[in-house]
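Summary of structural features
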Amino acid sequence: MGRSSPRRQRTLVLAGLGAGALGIALFQSGLSMPERVESLYTTGIYPLVVRVFSFLSGLVPFSLAELFTATAALFVIGRVTWRFTGRFRHPAASGETPTGETPTTARSSAPRAVLRRLAYTAVFALAGAGTLYAIFVVVWGLNYARPRLEHRLGLPVGQISEAELVGLTTRVAADTTRFHRLAGLPTAAVSRNPLDFADLSTAIDEAYDAIELPGDPGPGRMSPVKPAVFSGLMSRLGISGIFVPFTGEPTVNTGPPDVAVAFTAAHEKAHQRAVTHEGEASFVAYLALSRQRRHPYLSYAASFYAARHLLAAVRNADAEDRDRAWAALGPGPRRDLDALNAFWAQHRGMVRGAARRVNDSYLRTMRIPDGARSYGTVVRLLIADLRQRSAPPAAIATDGGED
């Protein structure tokens, strides 16, 4: 029995390392044939995977991912603590030594025992990481190898002149002001979303089903958006929301103002629908929310997001042009923007910076060359979409009513 346990442990380690190697090989192969990934995996295998996970995680109102993460963290902390404090229960710790071993020998072997434990823990952690990576690639990660969104949508992406940027930004800022008014929102207070999380999730799914996104899993039961229990921690880390492929759950930080929470929910839902690139996920969220007619607040949230990023893009433009663009944004949206900026300003710090660097490294590992700056891709896609539309976004829902 004593010999079989180490053998099983070696088998588990080798299996984990082998799974990690296979996961890397599969992901690299996918990168070399994006069209095959699109046809075989994204539209074939992934819809089945996400529906199974969505069904299971949809059975409970809370985030299973948060529960599993907290449980795993406590287990790891407890396990490591037990392993590295166990030596203090060794007879050598109390001055006793095993037969044939002097106290001097016992003291000299203690550092080696700690190093062995460290190496043992590191190897097991690497094997566990390899297993998780392989599962990640199979259940979602291969979607990173899909063709770029502008190719899938046929968007006219090209050079952007400063004059065009300023003109489109001014138009979107004015549209955002109009959406704020049509939604019946007060200008003297930060806006509130009239939809609860269940209704918000349903509305977002309906919006996605209506735009017929290429490669979308299609209509079917999806795990709803779930409010994060650890929203305070997410705020400190600078995280608005997260999609966890292992449970199929979009989880949202409820700390920021409602207009940002609504858009973040749509962003995480885009990840659920196989859109991996951060900038592309935000743009797809904008497409879905801006084209729906049933919920004026979601139309406002989409336009607010677009205006916020376009106004940031014109900060280096001529002062007169920049001021004209900003002047088109009314007092209501400005109040929401100030509230959003103030919220994130109070959570700046070393922890948030470290989390951003980790996220940047992760995105680069998944072959997103711009890393965390990939979120800026949304500006390029927004302008391409605005070029393509024959009418401004506000024409989509000018009455703010039901279909």
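We now turn to the structure provided with this report. None of these values were measured; they are calculated from a predicted model.

1. Overview of helix H15 (residues 377–388)
For an α-helix, 3.6 residues make a turn, and residues three or four places apart therefore share a direction. Its twelve residues give H15 an end-to-end C-alpha distance of 17 Å, which sits within 8% of 16 Å, the value for a rise of 1.5 Å per residue. Counted residue by residue, H15 has nine buried out of twelve residues, so it is predominantly covered. Within the sequence span of H15, burial applies to Thr 377, Val 378, Val 379, Leu 381, Leu 382, Ile 383, Ala 384, Asp 385 and Leu 386.

2. A short note on the packing of aromatic side chains
Scanning all chains against the criterion turns up ten aromatic pairs. Aromatic side chains Phe 263 and Tyr 305 sit 3.9 Å apart centroid to centroid with 10 degrees between the ring planes, which places their arrangement in the stacked category. Of the two residues, Phe 263 sits in helix H9 (residues 258–272) while Tyr 305 sits in helix H11 (residues 296–313), which places them 42 residues apart along the sequence. According to the relative accessible area criterion, Tyr 305 is buried, its value standing at 9%. A centroid spacing of 5.9 Å and a plane angle of 65 degrees characterise the contact between Tyr 297 and Tyr 300, whose relative ring orientation is edge-to-face. Residue Tyr 297 and its partner Tyr 300 are located together in helix H11, separated by three residues, close to a single helical turn. Among the residues examined, Tyr 300 registers a relative accessible area of 0% and is labelled buried. Through a chain of ring-to-ring contacts, three or more aromatic side chains come together here, namely Tyr 133, Phe 136, Trp 140, Tyr 144 and Phe 243.

3. Topic: a nonpolar patch on the surface
A contiguous nonpolar surface patch, about 390 Å² in accessible area, is contributed by Val 52, Phe 55, Leu 56 and Leu 59. Within the secondary structure layout, Leu 59 lies in the loop between helix H2 (34–57) and helix H3 (64–85).

4. A closer look at the nonpolar core
Of all hydrophobic cores here, the largest spans 62 residues; its most connected members are Tyr 208, Phe 283, Tyr 286 and Leu 310. Counting only elements with at least two residues in this core, the list comes to helix H6 (162–182), helix H7 (197–211), H9, helix H10 (278–291), H11, helix H13 (331–345) and H15. The contact partners of Tyr 208, leaving out residues within four places of it in the chain, are Ala 266, Lys 269, Ala 270, Arg 273, Val 284, Ala 285 and Ala 288. Counting 16 residues, the second largest nonpolar core, distinct from the first, contains Phe 27, Val 49, Val 50 and Val 137.

The rules we used
Residues numbered from 1 in each chain as written. Predicted model: local features only at pLDDT ≥ 70, side-chain atom pairs only at ≥ 80, totals over all residues. Heavy atoms only, no water. Helix = DSSP H or I, 4+ residues; strand = E, 2+ residues; numbered from the N terminus. Expected span 1.5 Å × (residues − 1). Buried < 20%, exposed > 50% of the residue type's maximum accessible area, 1.4 Å probe, protein only. Phe/Tyr/Trp six-rings, centres within 6.5 Å; stacked < 30°, edge-to-face > 60°. Patch = residues over 30% accessible without salt bridge, like charges linked within 9 Å, V, L, I, M, F, W, Y side chains within 5 Å. Areas by Shrake-Rupley, 256 points an atom, 1.4 Å probe, with all protein chains shown as cover. Salt bridge = Lys/Arg side-chain N within 4 Å of Asp/Glu carboxyl O. Core = buried A, V, L, I, M, F, W, Y, C linked by side-chain atoms within 4.5 Å. Contact = heavy atoms within 4.5 Å.

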